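Notes for the structure review
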Amino acid sequence: MEHRGGSRRKGDGVPKENSPFINNTDNDKGNSYDGTNMALFEEEMDSNPMVSSLLNKLANYTNLTQGAQEHEEADDDEGPKKKAVKSPQMGTFMGVYLPCLQNILGVILFLRLTWIVGTAGILESLAIVALCCSCTMLTAISMSAIATNGVVPAGGSYYMISRSLGPEFGGAVGLCFYLGTTFAGSMYILGTIEILLTYIVPKAAIFVAERKEDEVDALLNNMRVYGTCCLALMAVVVFVGVKYVNKLALVFLACVILSILAIYAGVIKTIFEPPDFPVCMLGNRTLQNHNFDKCFKTEVIDNMTVTTKLWQLFCDGPELNATCNEYFVNNNVTEVQGIPGLTSEVISENMWSVYGPLGMLVENNKLQSVAGGDPAQDIYLPYVVNDITTFFTLLVGIYFPSVTGIMAGSNRSGDLRDAQKSIPIGTILAIATTSVIYITCVVLFGGCIEGVLLRDKFGDSVKGNLVIGTLSWPSPWVIVIGSFFSCCGAGLQSLTGAPRLLQAIARDGIVPFLQVFGHGKANGEPTWALLLTAGICEIGILIASLDAVAPILSMFFLMCYLFVNLACAVQTLLRTPNWRPRFKFYHWALSFLGMSLCLALMFISSWYYAIVAMVIAGCIYKYIEYRGPQLLVLLNLDSDQAVKHPRLLSVTTQLKAGKGLTIVGNVLEGTYLTKESEAKMAEQNIKSAMSAERTKGFCHVVVSSNLRDGFSHLIQSAGLGGMKHNSVLMAWPGNWKQSNDPQSWKNFIETVRETTAAHQALLVAKNVDSFPTNQDRLGEGTIDVWWVVHDGGMLMLLPFLLRQHKVWRKCKMRIFTVAQMDDNSIQMKKDLQMFLYHLRLDAEVEVVEMHDNDISAFTYEKTLVMEQRSQMLKQMQLSRTEREREAQLIHDRNTASHATINDKADTGPERVHMTWTKEKLFTERNRNRECNANAGVRDLFNMKPNQSNVRRMHTAIKLNEVVVNKSQGAHLVLLNMPGPPKNRGGDENYMEFLEVLLEGLNRVLLVRGGGREVITIYS
């Protein structure tokens, strides 16, 4: 119900939501209200279409909309040749399951899982996997609830979440998801470069370490240079041909699946024939075997004992009498099999963790070792050592990115045949599958591979082979090449997805300073967003270490998942009107558990990153702030400053049920200096009435020189920041006909105009004093909704809100809509039922046929009486001096023309002085008749009604007939409120039309939407 006004250039700000339930009437103008039946609503047909034309689109609805605008915009150029958009055809397997699988399995599995298993041990690795997979599974259940909370819009997870949970959660989740996806791009690029420089072409390194202790710095610098080049290349690819990236997705997925199959095949092969990957040990220490081939100190060649290359690494020369490292002299060199196979007992040795500081030697404690040598010198010798300090919480942060990617399926929501069914099933199945893969991999790695090789992160002890590659069959290259392409593809997809996500957030306009990123190329490609994404990605690449980047993106994804779970739990506990998920396995406790787990994992993996991430997300949340349905109630007070219609506050309480913002406003006429005490008394009276009616909210009394301006100020300025109203509730001016002061109904009409201009919804309660109190309990009965035109769905939301309150709880909801002569009412009923199913509303549906009948004599007569009364009022509104001058002219010129009198009437002042009483009117009329001069009054009784007014009166009478016929016994009738005429000359006629429309009905709530969807198929 929030709206941001102001004109927008093409491509700016919020894109028009192109769905059949939002004001998409470009093709309907002029063709759905040719008859006289709907003349009362015709001035606003451009923005508020007839329901009959709206439902017609519902039958042919496809959800290929919001996220995929670039496709539609590119097609627009083809003009009449434009092809019909195919309805989405992807099923659960291709559309959700496989994309999720591809995104979840990736770089960490290939490059770090063996090292995690070796360092943490099998038991703690299983605990890490279980924690992380439980977190994503619980989040997937919350995502499933969101997916079944209305029709899933195209445009991916962000659209799904923001349309379902509102702008504040949508914005916070969207930006966390964006930053997570961007840093994921960095991680995948770093993974790509690590595979390239460590396992494919090590000689391509630009920086080569002269000494062993400089190896880490050299590797990081190589990662920075190559990573930056790779990022630039990928950004160009994404900029030039994003469609090729999407087409290659299946190729990258095939690489991942083949690599995993190669691992399982290799594990099975180890049972019969373990591969030969010997690891050279000195004592119990693992050696890097890059610079030697033979794992001996000396060897015999031609009966001569000669030293090996290994000897030369530990001694100061090749001679047998050279000075050697003490540890090297004291300990033997042995070879152990790197992959003893499943049938060996290595699983028991790998069960427990081996954490240690930076520089700790990778040792096999089963082997004998004699101490010796200077430990400070060990870093210069070819031992395999820890390149970082290891501990449990660090490994959680590094592992978590391998379970992210659960939103990949919902990112394709626009391509799915049945997103509500496919997203929950596909996502949960993908998480279950990957969880099984990770758990089995942890156990199989621990059961097949020697502990020292597991802890050797870069495979230095097996000639620089990828450790997981040594296990695979038929060749280590299967995994190396497969993981290389997998990382490439994942990096490209991150750089493709993240800018679109930022563009969607920017176009929604919820974070104003991001709006520049909503612009793009002519075909919708997000150029500016791509530049920002590449810039943030470069930060990750300059960090250069995969192990340092992984916890950062873990933090953003955990933050994103935390918000999803929190939003679902909060929406359920607060019983938010737009939260009505149909997913049967959802319960708020699961969301709460998921949220707690996310929070715990954030602090487990890195407490300082967690605090920073929470501050960022909190700032985003507070910046966006929630702008839900907030009410401004306009109260009238009597001469004693007592509340005239306290039941208006009862209605407010029943609508709001104590939730959201309520501002109760009133206007006193005069100046604040003279009316200060009255204003305070009025405020006190309103507060006590609010307390009696249990209305929670604020009171706002304004003193203004006239009521008209006072109400205008209230509508414009009541509230502050996010605490601003977006709906106005007021009572119908019941005695407007009897009032001597036409300003009362003029103020009412101006208020209607102002709320429309301010894009605020308006609710007008007729016969408000007959509405139930908060203590009443209405029995079995109905709330009848007459849905004639669609102006944002407020009409649908109100009965749902009312039925949350115990006063209306037993009432059933009935929805009536009006069919025209050429409408298929049977199809309309089916479409309306389908629409209500998507809205998750339980209501009876009826389509009422209104045929284009001839306009009756009664309608003509009623219109004539109305126009005569209106003309008479205009003449009565002449000031005293004007009337005296007119009387003088009548005496002087018996032949004064009708036109002259009318011209004088038109030039009368706008300010009304109603000093013309009924008795004076008859006296003046009789005097004029005696003089036989008042041609104006004579013409009053010879008038012919205006055709436009006749048509409007016809609408009011016919619509009133069908509403009274169907809903006279209803507890409450809700009806679209026609807008006031654009020509202010017909204002009093407008009041008459509304009076006729509501005749014979007891409790009525007239509703005008604010022009923005408040209840949609999405929320």
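Residues numbered from 1 in each chain as written. Predicted model: local features only at pLDDT ≥ 70, side-chain atom pairs only at ≥ 80, totals over all residues. Heavy atoms only, no water.

Here's the deal with the sheet that holds strand 6 (residues 631-634)
How we decide: Criterion used throughout: strands pair if DSSP finds at least two bridges between them. Each helix corresponds to a stretch of at least 4 residues labelled H or I by DSSP, and each strand to a stretch of at least 2 residues labelled E; elements are numbered beginning at the N terminus. Helix axes are fitted only over the stretch in contact, all axes being lines through C-alpha atoms; the angle between N-to-C directions runs from 0 to 180 degrees. Any pair of residues with heavy atoms lying within 4.5 Å of one another is described as a contacting pair.
Sheet architecture is open: ten strands sit in the order 8-7-6-11-12-17-16-13-14-15, paired in mixed fashion. With partners counted over all chains shown, the strands left at the sheet margins are strand 8 (698-704) and strand 15 (844-849), one partner each. Neighbour to neighbour, the strand axes of the sheet diverge by 20° on average, direction disregarded. The sheet contact formed by strand 12 (residues 761-766) and strand 17 (residues 1004-1008) spans five bridges and is antiparallel. In the strand pairing of strand 17, Leu763 is matched with Val1007. Packing against the sheet, helix 22 (residues 647-656) makes contact with strand 6, strand 7 (662-669), strand 11 (727-731) and strand 12, and its axis sits at approximately 170° to strand 6. Across the sheet, helix 25 (residues 743-757) lies against strand 6, strand 11, strand 12 and strand 17, angled at about 165° from strand 11, the strand it touches most.

Focus on the sheet that holds strand 1 (residues 278-282)
Strand order in the open sheet made by the three strands is 2-1-5, with antiparallel pairing throughout. Each of the sheet's edge strands pairs with one partner strand only, and the pair in question is strand 2 (285-286) and strand 5 (333-337). In this structure, strand 1 lies alongside strand 2, joined through two bridges in antiparallel fashion. Paired with Met281 across the two strands is Thr286, which belongs to strand 2.

Overview of the packing of helix 19 (residues 546-573) against helix 20 (residues 588-605)
The condition that has to hold: With respect to orientation, any angle under 35 degrees is reported as roughly parallel, any angle over 145 as roughly antiparallel, any angle of 65 to 115 as roughly perpendicular, and every other angle as oblique. Crossings are classed by handedness, with left-handed meaning an anticlockwise turn of the near helix from the far one by less than a right angle and right-handed meaning a clockwise turn. When residues are sorted by character, Ala, Val, Leu, Ile, Met, Phe, Trp, Tyr, Cys and Pro go into the nonpolar class, Asp, Glu, Lys and Arg into the charged class, and all the rest, Gly among them, into the polar class.
Across the interface, helix 19 lies against helix 20 with an axial gap of 8 Å and an inter-helix angle of 155°. Relative to helix 20, the element helix 19 lies roughly antiparallel. Seen along the crossing, helix 19 lies across helix 20 with a hand that is left-handed. The residues of helix 20 that touch helix 19, namely those facing Met555, Leu558, Met559, Tyr561, Leu562, Asn565, Leu566, Cys568, Ala569, Thr572 and Leu573, are Trp588, Ser591, Phe592, Gly594, Met595, Cys598, Leu599, Leu601, Met602 and Ser605. In terms of residue class, the contact of helix 19 with helix 20 is built from 16 nonpolar, five polar and no charged.

Focus on a nonpolar patch on the surface
This is how the line gets drawn: Two joining distances apply to patches: 9 Å for like charges and 5 Å for nonpolar side chains (Val, Leu, Ile, Met, Phe, Trp, Tyr), and every residue must have over 30% relative accessible area and no salt bridge. All accessible-area figures derive from a Shrake-Rupley calculation using a 1.4 Å probe, and residue coverage is judged against the displayed protein chains alone. Throughout this description, the term salt bridge denotes a Lys or Arg side-chain nitrogen within 4 Å of a carboxyl oxygen of Asp or Glu. Burial status follows relative accessibility: with a 1.4 Å probe on protein chains alone, a residue under 20% of its type maximum counts as buried, one over 50% as exposed, and anything between as partly exposed.
On the surface, Leu599, Phe603, Trp607, Tyr608, Tyr609, Ile611, Met614 and Val615 cluster together into a nonpolar patch covering about 740 Å² of accessible area. Elements with a minimum of two residues in the nonpolar patch: helix 20 and helix 21 (607-624). Counting residues per element, the nonpolar patch draws most heavily on helix 21, at six residues. Since its relative accessible area comes to 48%, Tyr608 is described here as partly exposed.

Observations regarding unusual backbone geometry
Note the cis peptide between Trp473 and Pro474, where omega equals 10°. For Pro474, the position within the fold is in the loop between helix 16 (467-471) and helix 17 (476-508). If you check the backbone angles, Lys463 has positive phi at about 55° while not being a glycine. Note on placement: Lys463 falls in the loop between helix 15 (451-454) and helix 16. Positive phi outside glycine occurs at His759, with the angle close to 55°. Owing to a relative accessible area of 30%, His759 belongs among the partly exposed residues under this scheme.

As for the pattern of salt bridges
For the structure on display, the rule yields 18 salt bridges. For Arg112, the salt bridge identified is with Glu194, shortest N-O distance 3.0 Å. Here Glu194 lies in helix 7 (residues 167-200) and Arg112 lies in the loop between helix 4 (107-111) and helix 5 (113-147), a separation of 82 residues in the sequence. Across this residue pair, the class does not change: Arg112 and Glu194 are buried. Linking Arg753 and Glu750 is a salt bridge whose minimum nitrogen-to-oxygen distance equals 2.9 Å. Here Arg753 pairs with Glu750, and both are found in helix 25, just three residues apart, close to one helical turn.

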